[in-house]
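Here are the chains, one letter per residue:
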Amino acid sequence: MEFSPDPPLPSPAGARPDVFGTPAAAPVLSRRDAALTPAAVGASNLTLELHPNYLRVAVVDARSAQRRLLEEFTLSGPTADGPSLHDVRDVVNGYDLLARNFWHSVRVLLDHQSFTLVPDALFRKEYAVRYLELARGTALVGEKVYFNRHPGWNAVTVFSLPARLDDYLQSVYPFEKLRMFHQVDALLALALEGRPPGGRHLIAFLETGSVCLVYLDAGRLVYANRFAFRTLNDLVYYLLFVLEELSIAPGDLDVHAWGQIEPDDETHRTLREHLPRLHVGDLRSSIALAGPFADISAHRYAGLFRIASLA
């Protein structure tokens, strides 16, 4: 089902009216392709990335995977396990674009600590809740559990989100089947696409106050985890701790960093002192940004766009 384009609105010469209205919460980042119109909604994938500190939005064409929109909203009241329902509701309800229905698909990407990884050979879906409870060391109360299989890695991710948040998202998009993903799903998808042929590789996805890690040895998945941190020293400590647990000297493996890191910024300089073979977003990837997105570092939003582009 498609929507007819909204009637044109009066606007200054040379300005393009915003047919989706102005969001109630001002985005800290906004890039949009002119091809994103109400008529294009039915042929587009909408992806929401939910982090304790922000909500990101990506829209891509379902057939061509062309990027149509990238926006980021700061959330004011994060909780320990993710964004607050109040914050998410304020952004979504106050923005006509996000409140629309009849998208080709809607995906939700969660970046929080409530997840675990299970070998595919040992996974039974009826025990999904139990796997997560064992990993967290606490019983799940008021949470909805999801899982995703990764045949290329012979692994299954299991994760949860608050049931009230899940109920809200289901109510906003009643006509679409929501697909739920965890940040580790995005990292595994990126790692599979650019899987190095051999050697030891640590792949890190850095966000505000957290890092997701995947370790590959000779093309095999050996380790995956996520750590929350407050300072760069904390981040260095967790990375070196992981390498010590894996009995690997920092100079013996390549480290590929994605997310909120740029060549020669403070994070990069600090990590490079301890990880001499650190590279920023250099694995093979189909994530390429052009047009109105050309000024955006592709590796910074690679996880979001990778999930948005999945078939």
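Throughout what follows, the structure given in this document is the object of discussion. Please read all numbers here as calculations on a predicted model, not as lab measurements.

Thoughts on helix α1 (residues 85–93)
- Leu85, Asp87, Val88, Val91 and Val92 are the residues of α1 that are buried. Each buried residue of α1 sits inside an arc of 165 degrees when the element is viewed along its axis, so together they form one side.
- Where α1 is buried, its residues meet β2 (44–51), β3 (54–61), β4 (67–74), α2 (96–99) and α4 (163–172).

What about the packing of aromatic side chains?
- On inspection of all chains with the given rule, the structure shows eight aromatic pairs.
- Taken together, the ring pairs in this structure connect Phe227, Tyr237, Tyr238 and Phe241 into an aromatic cluster.
- Geometry around Tyr54 places Arg56 over its ring, the cationic atom sitting 4.0 Å from the centre.
- Above the ring of Phe305, the side-chain terminus of Arg67 is found at 5.4 Å from the ring centroid.

Concerning the nonpolar core
- The biggest cluster of nonpolar side chains holds 50 residues, and the ones touching the most others in it are Leu46, Leu55, Leu98, Leu169 and Tyr173.
- No other element matches helix α5 (residues 183–193), which puts five residues into this core.
- With near-sequence residues (within four places) excluded, Leu169 lies in contact with Leu48, Leu50, Val108, Leu161, Leu178 and Met180.
- If you look at the next biggest cluster of nonpolar residues, it comprises 23 residues, including Ala204, Val211, Leu213 and Leu271.

A closer look at the sheet that holds β4
- Taken together, the six strands give an open sheet; going across it, the order is β1-β4-β3-β2-β5-β9, and neighbouring strands pair in mixed fashion. Whereas interior strands pair on both sides, the edge strands pair on one side only; in this sheet they are β1 (29–32) and β9 (178–182). Ignoring which end each strand starts from, the neighbouring axes of this sheet average 15 degrees apart.
- In terms of strand pairing, β2 meets β3 through eight bridges, oriented antiparallel. Within the sheet, the bridge partner assigned to Glu49 lies in β3 and is Arg56.
- Lying over the sheet, α4 contacts β2, β5 (105–110) and β9, oriented at roughly 140 degrees with respect to β9.

Let's talk about unusual backbone geometry
- For Asn154, which is not a glycine, the phi torsion comes out positive at approximately 55 degrees.
- If you trace the backbone, Asn154 turns up in the loop between β7 (143–150) and β8 (155–162).
- Overall, the relative accessible area of 54% leaves Asn154 in the exposed class.

Examining empty space enclosed by the protein
- Tallied over the entire structure, the rule returns one cavity of 30 Å³ or more.
- A volume near 40 Å³ is recorded for the largest cavity.
- Surrounding the largest cavity, Ala204, Leu206, Leu239, Val255, Ala257, Leu271, Leu275 and Leu278 form its lining.
- The set of elements that each furnish at least two residues to the lining of the largest cavity consists of β10 (200–207) and β13 (254–259).
- Residue composition of the lining of the largest cavity, by class: eight nonpolar, no polar and no charged.

Re the sheet that holds β8
- With antiparallel pairing, the three strands of this open sheet are ordered in space as β6-β8-β7. A strand with exactly one partner marks an edge of an open sheet, and here the two such strands are β6 (115–119) and β7. Pairwise comparison of adjacent strand axes, ignoring direction, gives a mean angle of 20 degrees for this sheet.
- Here helix α3 (residues 128–136) sits on the sheet in contact with β6, β7 and β8, set at roughly 115 degrees to β6.
- Of the strands in this sheet, β7 and β8 are in contact with α4, which crosses β8 at around 90 degrees.

What counts as what
- Residues numbered from 1 in each chain as written.
- Predicted model: local features only at pLDDT ≥ 70, side-chain atom pairs only at ≥ 80, totals over all residues.
- Heavy atoms only, no water.
- Buried < 20%, exposed > 50% of the residue type's maximum accessible area, 1.4 Å probe, protein only.
- Helix = DSSP H or I, 4+ residues; strand = E, 2+ residues; numbered from the N terminus.
- Arc of directions from axis to C-beta.
- Contact = heavy atoms within 4.5 Å.
- Phe/Tyr/Trp six-rings, centres within 6.5 Å; stacked < 30°, edge-to-face > 60°.
- Lys NZ or Arg CZ within 6 Å of the ring centre and 35° of its normal.
- Core = buried A, V, L, I, M, F, W, Y, C linked by side-chain atoms within 4.5 Å.
- Pairing = 2+ DSSP bridges.
- Axes fitted to C-alpha atoms, helices over the stretch in contact; angles between N-to-C directions.
- 1 Å grid on protein atoms, 1.4 Å probe; cavity = no way out; pocket = protein on both sides within 12 Å on 5 of 7 lines; lining within 4 Å.
- Points joined across faces, edges and corners; volume = space filled by probe spheres on them.
- Nonpolar A, V, L, I, M, F, W, Y, C, P; charged D, E, K, R; others polar.

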